Every structure is written in structure tokens, then in C-alpha cells.
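Given next are the chains, with one letter for each unit.
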Amino acid sequence: NAGVTQTPKFRVLKTGQSMTLLCAQDMNHEYMYWYRQDPGMGLRLIHYSVGEGTTAKGEVPDGYNVSRLKKQNFLLGLESAAPSQTSVYFCASRPGQGAGTEAFFGQGTRLTVV
Amino acid sequence: QQQVKQSPQSLIVQKGGISIINCAYENTAFDYFPWYQQFPGKGPALLIAIRPDVSEKKEGRFTISFNKSAKQFSLHIMDSQPGDSATYFCAASHTGTASKLTFGTGTRLQVTL
């Protein structure tokens, strides 16, 4: 049982380059989320999805786009990377509506933009 | 606007001591309050969680105390062990907003021998 898997685990980008981060979950969860983690700032929500084909903006969506074409996958795209997007990115999934449901996190993607 | 405030930023506790981390929230619509534990290079993992209709929840050495009127909740780690050294995040979510978790800024706990 893999849970939540993120690829890649590490990546270095040059300013202006684009990339896509992939999140895959095998728990048949409805809700999926992308967070970024920066020192002293905790985890901040970038985008989220409440089901296949849906996406919505979180707290810090600028510079990112997402897609959820399949229920098990949630993609995070950076069209033109900036140094401010250097961060550790975490994907999470949750069964669905209802208080008290556990969110499961992936291992993270460490992205450096130079 | 930070909806969940966490303190302290870092904490050093001797082995066998009690670790206490505090959080305060602003949104009274929050209905789920989890604590996550994160080790270096890993993703956060659920440690313990509480609903607002309960004032305390205990699981082994870990206890959440919840004060609804003060809008505060805290994590107590009894008999702290070196293996507890990690970063701890409090969080809160509301069912009506896709159960999005709002996190505190984290507390780095170091348990010394």
C-alpha cells in the first residue's frame, strides 16, 4: 500500500523553466491538496481538489496551476519558475467530506529555483 | 492573516520531561484540530486529533487539551523521549470548506539525554 507518492523527490530548475510535479494516491480519496513548506511559515495551501475534474485556489496560488484529470492523480505545474518558488512541496489526500478524516501526506518534493 | 498561531517556535526538553506546545485559532467554524509530527526529510504524519465537543484526548504519552471558549488547544508529550525529536504542527479545518487544513508555523522539539 503506497499511500501518497510524489515525483520527483528533488529538482533544480533555472529561472523561467517549467515543470510538473506529480502526486498519486492509491486510497481512492476524493480530496487532494498541494502545500508548500517554507522555514518558519508552516505549510501553506496552494491549490486543492474535491474530486476528479475539479480544482480550486488555496492561500498562495499565484504562479501555479493544477489539474485532476484522474481521481488518483493531482498535478502541480509551474509555468515559469521563480526563485521565490524554491520550497518543499507536499501533496496530501483525504477521504472526503466529514470532519475528523485523516489527511495523508507524501514524502515531499524539494525544489530549488536558481 | 494567520488563522492558527503556534508557540513556541522551538523547544528543548530533557528525557523524561513534559513537552508542551500551544496553539490558538481565530475561526470558530473550525471543527477538527489535528497535530502532525514531521521528521527531517519526511512528510507530516497525523499524531493525534480532537473535535471541539471534547476537552481532552489522550493516546499513550500524547494528550490534546482543548479550550473552546479561549479558542486554544495544546499538545502535551509526557515522558518525552529522544525519538520524539521532530517538528510538530498544529492544524485546524472546517468541514464546509473542503476540509482544508490550516497549519500553525511549527515547533521544533529536541529531547536531550
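Residues numbered from 1 in each chain as written. Chains lettered and ligands numbered in written order. Predicted model: local features only at pLDDT ≥ 70, side-chain atom pairs only at ≥ 80, totals over all residues. Heavy atoms only, no water.

With respect to the sheet that holds strand S8 (residues 73-78) of chain A
All names here are of chain A. Put simply, the test is: Two strands are said to pair when DSSP picks up at least two bridges between them. The way it works is that DSSP assigns letters per residue, a run of H or I at least four long becomes a helix, a run of E at least two long becomes a strand, and they are numbered from the N terminus. To get an axis, fit a line to the C-alpha atoms, keeping to the stretch in contact for a helix; angles then go from 0 to 180 degrees between the N-to-C directions.
Pairing is antiparallel in the open sheet, where 4 strands are placed in the order S1-S3-S8-S7. The strands lining the two open edges of the sheet, one partner per strand, are strand S1 (4-7) and strand S7 (64-67). When strand polarity is set aside, the average angle formed by the axes of neighbouring strands in this sheet is 20 degrees. The pairing of S1 with strand S3 (residues 19-25) spans 4 bridges and is classified as antiparallel. Bridge assignment links threonine 5 to a residue of S3, and that residue is alanine 24.

Looking at a nonpolar patch on the surface
The test is simple: Like-charged residues within 9 Å of one another, or nonpolar side chains (Val, Leu, Ile, Met, Phe, Trp, Tyr) within 5 Å, are grouped into patches, provided each residue has over 30% relative accessible area and no salt bridge. Only the protein chains shown count as cover for residues, with accessible areas throughout obtained via the Shrake-Rupley method and a probe of 1.4 Å. Salt bridges are counted wherever a side-chain nitrogen of Lys or Arg sits within 4 Å of a carboxyl oxygen of Asp or Glu.
A surface patch of nonpolar side chains, about 240 Å² in accessible area, is lined by Ile18, Ile20 and Met78 of chain B. Tracing the backbone shows isoleucine 18 of chain B in the loop between strand S2 (10-14) and strand S3 (19-25).

Some details on the packing of aromatic side chains
Residues and elements named next belong to chain A. Keep this limit in mind: Classification of ring pairs uses Phe, Tyr and Trp, with its six-membered ring standing for Trp, and accepts pairs whose centres are within 6.5 Å; under 30 degrees between planes counts as stacked, over 60 as edge-to-face, and the remaining range as tilted. The rule is simple: take the accessible area with a 1.4 Å probe, protein chains only, and divide by the maximum for that residue type; under 20% is buried, over 50% is exposed, in between is partly exposed.
Taken as a whole and judged by the stated rule, the model has 19 aromatic pairs over all chains. An angle of 35 degrees between the planes, with centres 6.3 Å apart, marks the rings of tyrosine 33 and tyrosine 35 as tilted. Just as tyrosine 33 is buried, tyrosine 35 falls in that class too. When the centroid spacing of 5.8 Å and the interplanar angle of 65 degrees are considered together, the rings of tyrosine 64 and tyrosine 89 count as edge-to-face. Here the residue tyrosine 64 occupies a position in strand S7, and tyrosine 89 occupies one in strand S9 (residues 87-94), the gap between them amounting to 25 residues.

Let's talk about the sheet that holds S3 of chain B
All names here are of chain B. Reading across the sheet, the 5 strands line up as S1-S3-S8-S7-S6 and stay open at both edges, with antiparallel pairing between neighbours. Only two strands of the sheet have a single partner each, and these edge strands are strand S1 (4-7) and strand S6 (56-59). For this sheet, the mean inter-axis angle between neighbouring strands, taken without regard to orientation, is 15 degrees. Inspection of the sheet shows strand S7 (residues 62-67) paired to strand S8 (residues 72-77) by 6 bridges, in the antiparallel sense. Looking at S8, one finds that phenylalanine 66 is bridged to phenylalanine 73.

Comments concerning the interface of chain B and chain A
Accessible area lost during the coming together of the parts is what is often quoted as the interface size. In plain terms, the rule: Between two residues, a contact is recorded if the distance between any of their heavy atoms is within 4.5 Å. The buried area of a pairing is the accessible area, by a 1.4 Å probe, that goes missing from both parts when the two are put together, added over both. Basically, the charged four are Asp, Glu, Lys and Arg, the nonpolar ten are Ala, Val, Leu, Ile, Met, Phe, Trp, Tyr, Cys and Pro, and anything else, Gly included, counts as polar.
Each partner contributes residues to the interface: chain B has 20 residues there, and chain A has 24 residues. Summing both sides of the interface, chain B and chain A together bury roughly 1800 Å²; the carbon and sulfur share of this comes to 57%. Three residues stand out in chain B for area buried against chain A, namely Ala98, Lys100 and Phe103 of chain B, and they jointly supply 24% of the buried area on that side. Where chain B touches chain A, the interface holds 0 salt bridges. Residues of the side of chain B that touches chain A, tallied by class, amount to 8 nonpolar, 8 polar and 4 charged.

Honestly, it's all geometry; don't read function into it.
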